[in-house]
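# Structure assessment
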Amino acid sequence: MSQSSAHLELAHVSKRYGSLLAVDDLCLAVPRGAVYGLLGPNGAGKTTTIRMVMRITLPDAGSITLNGAFLDDRLRERIGYLPEERGLYRKMKVLDHLAFLGEVRGLPRGQARASAKAWLERLGLEEKASRAVEELSKGMQQKVQFAGAVIHAPELVILDEPFTGLDPIATRQLKDEIAAMAAKGVTVVFSTHVLPQAEELCDVLCLVNRGRAILHGSLAEVRARFAQPALRVETPASEAELRVIAGVAAVRRRERDYLVEMATGVTAPQVIRALAEHLPLLAVERHEATLEEIFLYAVENDHVSTR
Amino acid sequence: MFRLDKVRTVMRREYLSRVRTRAFWISTLLVPAAMIAFAVLPSLIMSRQGGTFTVALLTPDEALAAEVKTELARRSEGPADAGLMNIRVEWIAPALDSERQRAELRSRVLAKELTGVLVLPAGVLDGEPVEYLSTNVTAFRLIGRLDGAVERAVLRARLRLSAVPEERLDQLTRTVKLEPVRVTQEAGESREAVGSSLILSYVLTFLIYVTVMIYGFYVMRGVLEEKSSRIVEVIVANLSPTELMAGKIVGVGAVGLTQYLIWAVLAMNLAAPGLFSLGLAEGASRFLSPTLMVFFVLFFVFGYFLFATLYAAVGAAFNSEEEAQQMQTVLSMFLTIPFALMFVILNDPDAPLSVVLSLVPFFSPMLFFLRMTVAFPPTWQIVLCFALMSLSLLAMVRVSAAIYRVGILMYGKKPTLKEIARWVGSS
């Protein structure tokens, strides 16, 4: 992706903690206005990457730019951030708390207070304004946390595992908020390891594993590029027997069947014919890969390729 | 980059969220109340321990008994007594069977018929000791009164024996009063109530000790709370940890200064009349010079910053108050040691040991200040003291900020001292 269209860009970013290379020469480009999914297993380096964008930890190497400009403390105020580990001052009054967060995020005092009031109204919490945070239910506190992250009307919002700990209703509300922000042209970056959510929400995604981006692009691109045409095959034959059939590129054993990836240049009927010729088949059909499979496949191959 | 507006935002939150609590006002009002109670109650209770006491005087010398009686009467004339302590004396001549008589007197004491029995032996004029039999031998005020009376009575009797004319006795037995006069650079000589200045030295040093400890602890608890409530990452997304730490320490310190201000106002309006009535105020007004008060605030500020940065680092390094307890104990020891050394300093404030101890940066807020209250140290020592404290403060801020930066985002495991040292090294 070219520099001009990227809203947030990471170029060759690395971060090492002792002997652990948490982020390894990572390159990312988040297009303006996109809902961007940062995906990957636990420990892949998602949170470290996000913390580097927020300048909570600084990268050992590489550069991070916002609108093409080096991201410094001042530019950082255009970003809204909801960390995975999040909380509130329990004894503080709700309105005071939101206004404080507004000020911390760079709003002038009066504006921070006005903004806080507006958000409480929007969340239906205006009569809780002078209550202590600890008197709110957990769901209400989560709403306040979200409001605190975006109170300064940022042009880009980063949400680290935003859905963990949310009940289905809160999850729905947060998805609506994300959609509403996207509709207003705000760029949204969120990390998750729950893939169906990513599939539902994001336009562009990046799969991170062991500190590196192993998949990057729009959902359709990734599907087309990565999910090789595959067949779902039920057979009593072994994995090894399947692998030697002409036109088969890779075989993955699942609980009750196999996923058989086809080599480039061959068609499905050709492979089905070859399979039927050599093996007893119970069932065969075309397979549409889910993001979860692409993800698992990519992570597995990543291990194989670097070992 | 250190942005003052961000520090101010944090500071305001820290300050207001504390000053607006009921706990702040309760503790602010409770401390002086407790102090006044400690200072006033014992003497108040003591001065109320009046009443009528009947003391038997067992002596063969009737003239001496009469003399003791007169002395006691003379002593109860003073204005301080205001008739609160009324001692009645009953003269008893020794019986032949002295053992039996003594047993009888003992039972009268036990029956509360007599408060006590003064036994003046025949050889008392030659230095034989006087006995006082009573159920209560720690009644200091009564015993002191009896002691003085017997002493003077015996002295007068001895003088009479040496054929000193009666009219000269009063003159010859007049007591001598020792008056301490402090020699100082500025004033030359200053006469003050030593007792009251000692109490004030103690009280002021104690105040520094207590407030530094309490506010340092508040800082630590504040940092721990930010960690355990997981608010800290929400905030350091827009503030540097150093800005957050600075705002917190200054904000909490400002709460401490506010408390001092309230106490000062209270002291001027309420406590001063109380001190006057106790006769402590004559020295106090001279003692509490503006210079000393300026240094008091300076030493609190330095002491507070020195310890608060350390407390902040301890809070950041650990996950709970229980985990932090060990390090917290070490810190409070640095505060308690000088407190324990107070009397060494008071006894000889200019001895080399006192000077060296008071210049140890972590001890200075208490010990150097204490020296100032007794004998103003030379200027070069004051300069050296503040230079040393400033240098240590700079070093502490660096170390603590390094620990703080790493520690606040570490959850879960309790770090070892080695790991914490590595955090400092890596910055």
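Residues numbered from 1 in each chain as written. Chains lettered and ligands numbered in written order. Predicted model: local features only at pLDDT ≥ 70, side-chain atom pairs only at ≥ 80, totals over all residues.

### Notes on the overall build of chain B
For chain B, the count of helices and strands is 17 helices and 6 strands. Per-residue burial for chain B yields a buried fraction of 34% across its 427 residues. Contacts spanning at least 24 positions in sequence make up 77% of the contacts within chain B whose residues lie at least 6 apart. (Helix = DSSP H or I, 4+ residues; strand = E, 2+ residues; numbered from the N terminus. Buried ≥ 20, exposed ≤ 12 C-beta atoms within 10 Å, placed from the backbone. Contact = placed C-beta atoms within 7 Å.)

### Regarding the interface of chain A and chain B
With 21 residues of chain A at the interface, the matching set in chain B holds 16 residues. Counting only elements with at least two residues in the side of chain A that touches chain B, the list comes to α2 (73–76) and α3 (94–104) of chain A. No other element matches α3(A), which puts 3 residues into the side of chain A that touches chain B. Partitioning the side of chain A that touches chain B into residue classes produces 9 nonpolar, 3 polar and 9 charged. (Nonpolar A, V, L, I, M, F, W, Y, C, P; charged D, E, K, R; others polar.)

### Comments concerning the domain arrangement of chain B
Taken as a whole, chain B is organised into domain 1 (4–42 + 195–425) and domain 2 (50–175). Between the C-alpha centres of domain 1 of chain B and domain 2 of chain B the distance comes to 53 Å. (Domains from an automatic or database assignment.)

### A closer look at the sheet that holds strand β12 (residues 248–253) of chain A
Residue and element names in this part refer to chain A. In space, the 4 strands of this open sheet follow the order β12-β13-β11-β14, with antiparallel pairing throughout. Edge positions in the sheet fall to β12 and β14 (283–287), since each has one partner strand and no second. With direction set aside, neighbouring strand axes in the sheet form an average angle of 25 degrees. In this sheet, strand β13 (residues 258–262) lies alongside strand β11 (residues 230–234) in antiparallel orientation, the contact comprising 4 bridges. (Pairing = 2+ DSSP bridges. Axes fitted to C-alpha atoms, helices over the stretch in contact; angles between N-to-C directions.)

### A look at the packing of helix α11 (residues 290–317) of chain B against helix α12 (residues 321–340) of chain B
Helix-helix packing is characterised by the crossing angle of the two axes and by the distance between the axes. Residues and elements named next belong to chain B. Between α11 and α12, whose axes approach to 10 Å, the crossing angle comes to 170 degrees. Judged on the interaxial angle alone, α12 and α11 are roughly antiparallel. Between α11, through Phe307, Leu310, Tyr311, Val314 and Gly315, and α12, the contact on the second element is made entirely by Ala324, Met327, Gln328, Leu331 and Leu335. Considered class by class, the residues forming the contact of α11 with α12 number 8 nonpolar, 2 polar and no charged. (Parallel < 35°, antiparallel > 145°, perpendicular 65-115°, else oblique.)

### Some words on the sheet that holds strand β8 (residues 187–192) of chain A
All names here are of chain A. Taken in spatial order, the 6 strands line up as β6-β7-β8-β3-β9-β10 in an open sheet, and their pairing is mixed. Strands at the two margins of the open sheet, each flanked by one partner only, are β6 (79–82) and β10 (212–218). Here the average twist between neighbouring strands, direction ignored, is 15 degrees. Pairing of strand β3 (residues 35–39) with β8 involves 5 bridges; the strand directions are parallel. In the strand pairing of β8, Val35 is matched with Val188. The sheet contacts of helix α1 (residues 46–53) involve β3, β7 (156–160), β8 and β9 (204–209), and relative to β7 the element is tilted by about 145 degrees. Here helix α5 (residues 138–150) sits on the sheet and contacts β6 and β7; the angle it forms with β6, its principal contact strand, is near 155 degrees.

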